[in-house]
Each structure stands twice: as structure tokens, then as C-alpha cells.
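Residue-level structural notes
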Amino acid sequence: MPSDKIDIDYVAKLARLDLSEEEKQTFTAQLGDILGYVDKLSDVDVSGVEPMAHAFPLENVLDEDEPREPLTVVEALRNAPAQRDNQIVVPKVVEDA
Amino acid sequence: MEFKADIGLEVHVQLKTRSKMFTRAPYYYGAEPNTLTDPVVLALPGVLPVMNKEAVRKTVQLGLLCKCEIAERCKWDRKNYFYPDSPKNYQLSQFDQPICNGGEVEIEMLGASRNVMGEHRMVQLTRIHLEEDVGKLTHFANDSLVDYNRAGAPLCEIVTEPDMHNADEVFAFLTALRNNIVAAGLSDCDMEKGQMRCDANISVRPVGQEQLGTKVELKNMNTISGVRNAVAYEIKRQIHAVMSKEPITQQTRRWDPVTQVTSKMRDKEESHDYRYFPDPDLMPVAISAELKEELGKDLPELPFDRQRRYMAELDLPYTITSVLCPDRALAEFFEEALAATKGKGEPKAVANLIVNELLRELSSGEQEGSLPLAESKVTPAHIAELVVLTEEGVITKQIGKEVFIEMYQSGKMPSAIVEEKGLQAEQGDDGELEAIIREVAADPKHEKAIAQFKEGNKKAINSLIGPIMKATQGKADPRKIMELLAKVLG
Amino acid sequence: MSDLISKTAAKLSAMLAAGEVSSVEVTQAFIDRTEAVEERVKAFNSCDKSWALAQAEASDKRRAAGQASGPLDGIPVALKDIIAVKDQPLTCSSRMLENFVSPYDAHVTELLKAQGAVLWGRLNMDEFAMGSSTENSAFQTSRNPWNLDCVPGGSSGGSAACVAALEAPLSIGSDTGGSIRQPAAFCGVVGMKPTYGLVSRFGLVAFASSLDQFGPFSRTVEDAAMLLQGIVGHDDRDSTSFKAEVPDYRAALTQKQGPWKIGVPSEYFAKGLDPEIKAAVEDAIKFYESEGCAIEEISLKMTEYALPVYYILATAEASSNLGRYDGIRYTHRAKNAEDAIDLYYKSRAEGFGPEVKRRIILGTYVLSSGYYDAYYLRAQKVRTLIREEFMQVFQNVDAILTPTTPTPSFKRGEKADPLSMYLNDIYTINVNLAGLPAISVPCGFTSSKLPIGLQLIGKPFAEADMLAMAHRYEQAHTWKDAVAAL
Ligand SMILES: [Mg+2]
Ligand SMILES: [Zn+2]
């Protein structure tokens, strides 16, 4: 199991989370501890074991293609921090992410 | 140095469903901003996705159409990335277990001329998976606006192998793919409405080199011709770069349809870390052999297969079939019309009437583009009746054209028009026609032509046919005129 | 203090049915009680008293017209601030959603409304359900009614505290790793986590989607059965919702007689367990034995891996689930962002508290390129083994009996280190990983007068048995009659 030190800047960037220097230090240390603790999973023999993504194995949960009533624009934008022309305003989007 | 280009495509096709991929908010093109949302579309706290059965069925059909291997079981994964058009900041997509694997699409390259069939070959697919669409951003000078109407619409992503080598092949592939999908009713594939979108991965390498060159991703192409132009430009640009010893770096470039050049958007060095993992809210889907069989039954004959059949069985020329067959509605219209003649109409005559007369009228209207076939007043029964009337000699070809215009405008049946206007060819009464011919032949202005005819120039009397026709109001059979004219002139 | 508030929901329901009291009187009694003690308990994030009274009035009208809809009609039910109620705030105790008003109802909300329950107040919790003490709320720290210096547990701390403080007869919480059972144990009330899939998650703000479940809080097992009955049922808006036949849970309390075969896992009585809790739980074991139940010592060897598996899977799912809180559509939005990307960084930095940030970072890390197989995939495989071990054990026993928590409630601010806080959940977490039902029922007090919880874990969809077993124990003891002095 990898016990590398977390590259906190890289992870914070993936998570789109601004961290203060202090937070970076604290988190790096705390997450180091947690990952150290989590390392015990490497003791378990998991060869041939299927990964479990759901608590119960259901299949084919499908809905008929019948449209229902949409939200009104007013309801849809009710909590919007900024709106114009029935759309959500966001600060300038810099080139395609 | 000679170069070879290798091109792979990622084509996104919006499936024709009534509701969205993972919720039952309605979806259609052209609605007012943010009127097609619900709490799931907006990713409000607490909502959950539920899969649209029809989207799964249509994706399986698309896979069958492309001869893919349909997975017995597939699952949905989250692709995590932040962007303002993506409400959850993850996209529900398929990572390692897509619905369809492999597959191929038959394409036709341009022939030596328009009348000659070009070379056909298969373009190999990597996979087809099902995912959800994102919303739409409109950019302004200082900010951007987001409309989430499109967010959550079902999208099939068709990924090809780097199996195309020039811009014409790419054009042929997209054309064939679109024709197949539209024929099967899976999507309308209108690129200008965003129902079909295409990114291209392009690299070049010296002929003889095994390894593919460094690939560049091309985006922002909004028409099939746009893709062709962009790919052609990009191949040239890359060859030029290699020749000038400029290294090609992995990057994403944008096509500018106005200036017709590609320009760099960003470097690919910082590759995306999407943190794919199985979506815990959605259950896997199993696709049984029975379901595959059921869905396969609903699929139409592919346009190229139909074309081969028309050429072989109906003896139709390539030119006509290449107009009829790519458009399923038109081809079915033709088949209905042919069937309605009950064997009394030649396939070629039926096809000609549709391809020449009907299509011309449909595109000659005042509004832009063509009137859809379904909105025309002319039905297959009209076409069949007109063909039979002409073929049985009830009316002349000349009159047939007049009848066509009339029925196109009024929707009346050809027989009714002929009856109403008394347009029947004058049959049997040779005496009247002969009198007219004698009268015309007596006109001094035809003296020279008659003289030439008598000297052996058979074509000389063609100039008399027009005036004779006119005098009979077009009802005379041209063959009859020739026959009697020869007799009169001795 | 009105004696109405000390009555169980079942008793109040019977009184309403008999016309001995009105819903408005009942509701007013709990409002008065809340006004009297809430300053000390801090269980609620918000209360809409006039709306509660309006619902109560409507209930009384229904009853007068002979149209009362069932046992919950007219009974106040307080809701954890994680469940969507149309036109009501939904904060998850986060700055991120401080001003959010839900435009839709959760499935559970719809069910409760349809049954005439009086929806009463929004309960404090650890921010986005991440925590075991309710200290991670952005707004306030709820108190344990038994000792105001101590925490009520978490993340459903407000849901447990309000029932223990008699501010509501019933409440709804959610449980991802013990978030119902642990605070129930800390506050001396009954709390149940149903089988995964029994209660629709539609409208439950997701923390870890494959683990989250709604469940009831109450002062008695019968009340828990009554509330559970009201919130179960298939929902086609939740793909993980189960189509199971629902038994009559209340009837089962007396119909299901046992004797049961009860497994006691040695791993749950090892070092780290508070001796007073150990003694109380051993007394409970003796009780069941005296009732004719077979007690079997069992081993759940995978127990030690539950916590690591949980902290990988739950944080991974959370890191993705919480991506939607981005400053764009409805959350807190940072001012002065330079562009859309900057807006994400700043809004999320301002909107999330430290525990949420810590878990987002951990979850993002374990999913990131190069680590997925070692952490996430391996954890999913170990999860399979944990579930298989439970199912193996359940071939021989009807239920598993354990302490709910290794320690009683602790002082506010006492557990600053996240890992020691996480260890609080070692007896509850594997139940979520295996998707099983479990109930925590009061089983005594420590010498410092802090409640102790007994946990019964059942087979999938064996809620009726769990409730009947807990009921048997509860009826033979007086713990349910104890009320915190406030
Ligand atoms: Mg892609
Ligand atoms: Zn895609």
C-alpha cells in the first residue's frame, strides 16, 4: 500500500479547494496518520474478491421515458446567487477546463 | 518526405428521447433557457439519478447498427471535474464497462465522377458508451450565462480507432454514421443543433514509420464540412511543422470556422485526473440475448445495403440510388410508390419522378432549405398513379410534367387532374392529328427543313414537332407525330 | 411543564384518536418545552412554530371530519437538517447552504406529510453529516441533555438531543457510519438504522451514497416502530430503493416472541471498551439468556478493517457528492472571484468547515490517479469480505448483540484529533458497510449518569425482529422512564 506523503497542493487543486498554509500543514499531518492507519488493509488477502459498489446487488433499475413536469424558471433559479435573463451568471469562464 | 496522417474521432450523438438520461425532466431542442430542469438536473442537495430505459435501448440499437459487441453487463461511473455547465461537477458516464465494444461503420469514398460508385471500406470503432450531456454556456465580455436545459440529455459517445487517414475519409465516416443513425431513428444528428458533435485526434508520421505521431485534439467543429476542412488544415499544419523541424506537442486546438485555421487552446501535458469510480446511486444494467434480438428487429436496412439492393434487384443507376438511399424516408417513399403501381410502373420511372421532379419542387419553396417530405401534399399513391398514367400512354410525358406541378400544388390525384382538364393523349383519331400536321407542314417557314428531310437529313423535321405539339395543346404522343409526319411528307 | 411532553408518541396518538387531546395542544406543548430548554440544548437550527401549529390545526380538522390518516396524524416529528422539505431551509449545518430553501420534498417528507405528521423544526448536525459529536456544525454545538458539558454524539446529535430533552416525541436522523445509533446511545434514546434500501434516500443530502440511510429516533421501541412504519416503502426516484414487503412493525413487537439465537462477537468486547458499558451490555446478555435465548459467542474477524474501509469509501463518495457545492447555482458564493475557476476555490474554502475539507481531501486523494487500486478498489473488496462474514454468521444466529459505542459521551472539545474521533464509530460502521439493520436501545447509565446503548444487528430486512427483541428488553427495564433533568 502506498504511504507516500500526500501532495496536498495537487489534491487541493483537484478538489477545487483553497487551503491556507496552516490548513495544508495540519491536513497533511492528519491525513498522514489516517493513511497510516488505513494501511492495515494491505494485510487482507483480497485475491479473487469482487469489489462491492452497492450494499445490495440490484440490476436493471430503469424508468420509462415519460417526461414529468419540469420546475418553473422561478423555482429553478430560486436559490441562485446571481441571475440574468433567466440564466445563472458566473464570472468569466477562462478557457475550457 | 511522404507523410501519412492517422485520425480518430470521438463523436457525441444526442439520443432522441422525451425525457433526460437520469431524470424525467423533459428534453427537446429550442426551449426557453432553464425551462427544462428539475431538482435532479440542477443537482440540488439530496437528489438521485434514475436511468432512462429508452436511452439504454437506443444505445444497444446503435451498437447493433455498428456491429459492436454488446456487453452482457455494464455499469455507470462518475467522471469528476469542475465546470460551470456541469451541475454535479461529475458526469455520469461509462469508464471500463461501456455498453458497446468494437464495431465498424461502412464508408464510401468519392468515386471518379458523381455517376460512379466510389470505393467502400470499414472504419473500426473502439467503443460506444452512454453518458449525460452538460448545460450550455454563453460567454460575454465580463461574465458568462448558464442554461441547464441540455444538462442531463442522453449522449452516446462513439469512439473510433485512429483508422482514417485523410479529411475525405473523415467526411465520409461522419456522413455514413449520421445517415445510419437518422435512418434508425436514434437521433436527428443535426450538428448545428448540437445533436451531433465531433472531436478529432490527429497525428502525422513519415510513411514507413510504424509508431503513430504525437496526437493533437481538435475541437469546435460545427458542421460535417467544417470537420473536413479543419482536419485537412490540421494535417497540412502538422506536416509543415515536422518539415520545418518544429516539434509537435500534445495539445488541444480549436477550429475557427471564420478564419479557417486551428489555434492552440491548451497543452495536454497536465492530463486530467478524473477520479473515475462506480456510481453508487445507479445499478448496473444487464443486456440479455432476448433484448438484443428484440431491439435488432426494429432496426432498418442500412443505407448502403439498400443501395446495393436497388442497384442489383431494381436495376437502378448508381446516381439515383445515391440520392434515394441515404435518406430512409425518401427510400421508403420510393418503395411505397413502386408498390402502389402494382407492377405497372418501371422502378426507374418511379425513382426518376421522385429524384428529379419531387425533390426539385421540395427545395424550390420560398423558405430556406427543403420542405420535409412528410409535409408535401404528394404521396406515394400520387407518384404511382402518375407513373402508370404515363406508362400506359393515357397522358404524354410532356403532360405528365404539367400534371405533376398541378398535383404538387393542389394535392389532387393525377387522374382527377387529367379528367378535369381533359389532358388525355388523343388516341386513335389519327385523322385530326394528320390534319394538324398537314397544316403545319404547309407553313412556308418549314419549307427549308422539309427539303432537308427529303434529302435524307432525318433530324431536320424536329423543328416541326414543337409547333405541332403546340397546336394539339401537348396532348399528342411525340412518337405518333413522327410516324404521321413521315407519312405526310412521303 | 405540561405532562403531554413526557408521553410517548404511541400514547399521544391514542389520546388524539380518543379525542382526549388535540394536535394543537400537543404541538403547543412541545413548542413551549422547546422555548424553555432550547437555549441550553441547542438541538434546533430553525423552528417554524406557526407552520407547525398550522399543520396541527389541519390535523385536528381532519380528525374532526373523521379523516385522520393514521397513528402519525397530528404527532410532531422533528427533522434533521439534511432532509428536503419544500419551501423550508435545508442547511446541513453548513455555511455552504446557509440560505438554501428547498424547492422539493424528500420521499420521506412526502410520506410524513401524507400521514399528517406535524413537521417540526430542523435539527442540528455535524456539517454534511461528517462527525460524531455535532461539534462540526457551522452554527452551534448541540448539548447532551444528560450533561450539558458533554456532546450528544453525531452526526444526528440534534435529532437525539431533542428527543432526550422532550422537545419532540419523534425525530428523523440519518446514519452513514453510526450517525443515528451513536447519538441515540449517548442521549439515552432509541435510534434505528434500517436496512440499506428500505427507506428512500431521495431528498436525503448525500454524504456517502452507498452507506446513507434515514432512520427514526424516539424514547421507546414502540415509537420507533411507529415512525419507521411511516417512512419505509419503495420509491422509483431512488435506484437503490428495495421492493420489499413491509410487515406491521408495531404488531410484530408482541407477535414475534423468539426465543432468538443471539451472537455475541468477541471482537466487540476487547480492549478499548469502557468497563461500565461492558458490564451493562453483559447484563443485557444475561437478560436474553434468562428469556430462553441461546447466546452464542461468535467472531467477526473483519471488524478491525471496517474503519479503514469506511474512511476510504465514505470520503471518496463524499468528495464527489460534495462537488456540487461550488458557488454557481444555489450555494454560498464568494465575492471578488477573478473567474469561474477562482470562484470554486474561494466559495468552497469559505463554505466548508475543517472536517468537511479534511474528508474531501482524503476522498479526492484515494481516488486520484495512481492510488485508486491501492485504496478505493481494495477497500471495496474488503467491504465484500465484511459483508460475507456477516452473512456467514447469520446462517447460525438471528441477531448480533454488541455495545453501540466503546465509550459514553465525552466533553465538548475533548477529541481534537480526528482519528480518535473516528474510533468512536468502530461498533457501528461495519453495519453500514454490510447494509444491515441495527437498533440502539438504552441499557443503563454510567456512574457519572451518562446513558449507555445496546446495539442489536439483524439480517437484511429483519427490522421487525430487531424491534421485537429490543422491545422485550426495554419492557423488562426502566431505562426508558428516566428523563434528563433540565
Ligand atoms: Mg471523451
Ligand atoms: Zn463524452
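Throughout this description, residue numbers start from 1 for each chain and increase along the sequence as written. Labels are handed out in written order, letters beginning with A for the chains and numbers beginning with 1 for the ligands. The predicted nature of this model means local features are confined to residues of pLDDT at least 70 and side-chain atom pairs, given and counted, to a pLDDT of 80 or more, with totals for whole chains, interfaces and linings taken over all residues. To get the side-chain values, take all heavy atoms of the structure and skip hydrogens and water.

Another aspect to go through is the interface of chain A and chain B. Taken residue by residue, the interface counts 38 residues in chain A and 51 residues in chain B. By buried area we mean the combined loss of accessible area, with a 1.4 Å probe, across both parts when two parts are placed together. Between chain A and chain B, the buried area comes to about 4000 Å², and carbon and sulfur atoms account for 56% of it. We count a salt bridge whenever a side-chain nitrogen from Lys or Arg sits within 4 Å of a carboxyl oxygen from Asp or Glu. Note that Arg73(B) and Glu59(A) form a salt bridge whose closest N and O atoms lie 2.8 Å from each other. Under this definition, polar contacts are N or O atom pairs within 3.5 Å; protein pairs additionally need one hydrogen-donor-capable and one acceptor-capable atom, and for neighbouring residues in sequence, both atoms have to be side-chain atoms. Counting the contacts that link chain A with chain B gives 24 residue pairs in polar contact (both at pLDDT 80 or more). Secondary structure elements are defined from DSSP: runs of H or I of at least 4 residues count as helices, runs of E of at least 2 residues count as strands, and each element is numbered from the N terminus. For the side of chain A that touches chain B, the secondary structure elements donating two or more residues are α1 (8-14), β1 (62-63), α3 (73-76) and β3 (87-91) of chain A. With 5 residues, β3(A) is the largest single contributor of residues to the side of chain A that touches chain B. Here, two residues are considered to be in contact whenever any of their heavy atoms come within 4.5 Å of each other.

Using the criterion set out here, one finds 67 salt bridges over all chains in the structure. Members of the salt-bridge network, linked through shared partners, are Glu301(B), Arg306(B), Arg309(B), Arg328(B), Glu332(B) and Glu335(B).

Between chain A and chain C, the residue contacts involve 53 residues of the former and 70 residues of the latter. Interface area, chain A with chain C, both sides summed: about 5700 Å², of which 70% is carbon and sulfur. Summed over the shared surface of chain A and chain C, the number is 4 salt bridges. A salt bridge links Glu23(A) to Lys357(C), with the shortest nitrogen-to-oxygen separation between them at 3.0 Å. Inspection of the chain A/chain C interface yields 17 residue pairs in polar contact (both at pLDDT 80 or more). Secondary structure elements with two or more residues in the side of chain A that touches chain C: α1, α2 (21-38) and β3 of chain A. For the side of chain A that touches chain C, the element with the most residues is α2(A), which contributes 9 residues.

A separate point is the packing of aromatic side chains. Residues and elements named next belong to chain C. Two rings belonging to Phe, Tyr or Trp (six-membered ring only in the last case) form a pair when the distance between their centres is within 6.5 Å. Interplanar angles under 30 degrees mark stacking, angles over 60 mark edge-to-face geometry, and anything in between is tilted. Taken as a whole, this structure holds 31 aromatic pairs over all chains when the rule is applied. Ring geometry for Tyr311 against Tyr422: centres 3.9 Å apart, planes inclined by 15°, an arrangement best described as stacked. Placement of the pair is Tyr311 in helix α10 (residues 303-321) and Tyr422 in helix α14 (residues 418-422), with a sequence separation of 111 residues. Of the two residues, Tyr311 and Tyr422, both sit in the buried class. Connected via pairs of aromatic rings, a cluster forms that spans Phe100, Phe128, Tyr325, Tyr330 and Phe352. The criterion for a charge sitting over a ring is simple: Lys NZ or Arg CZ within 6 Å of the ring centre, and within 35 degrees of the ring normal. Looking at Lys449, its charged tip hangs above the ring of Phe445, at a distance of 4.8 Å from the centre. A 1.4 Å probe rolled over the protein chains alone gives each residue an accessible area, and that area as a share of the maximum for its type sets the label: buried under 20%, exposed over 50%, partly exposed in between.

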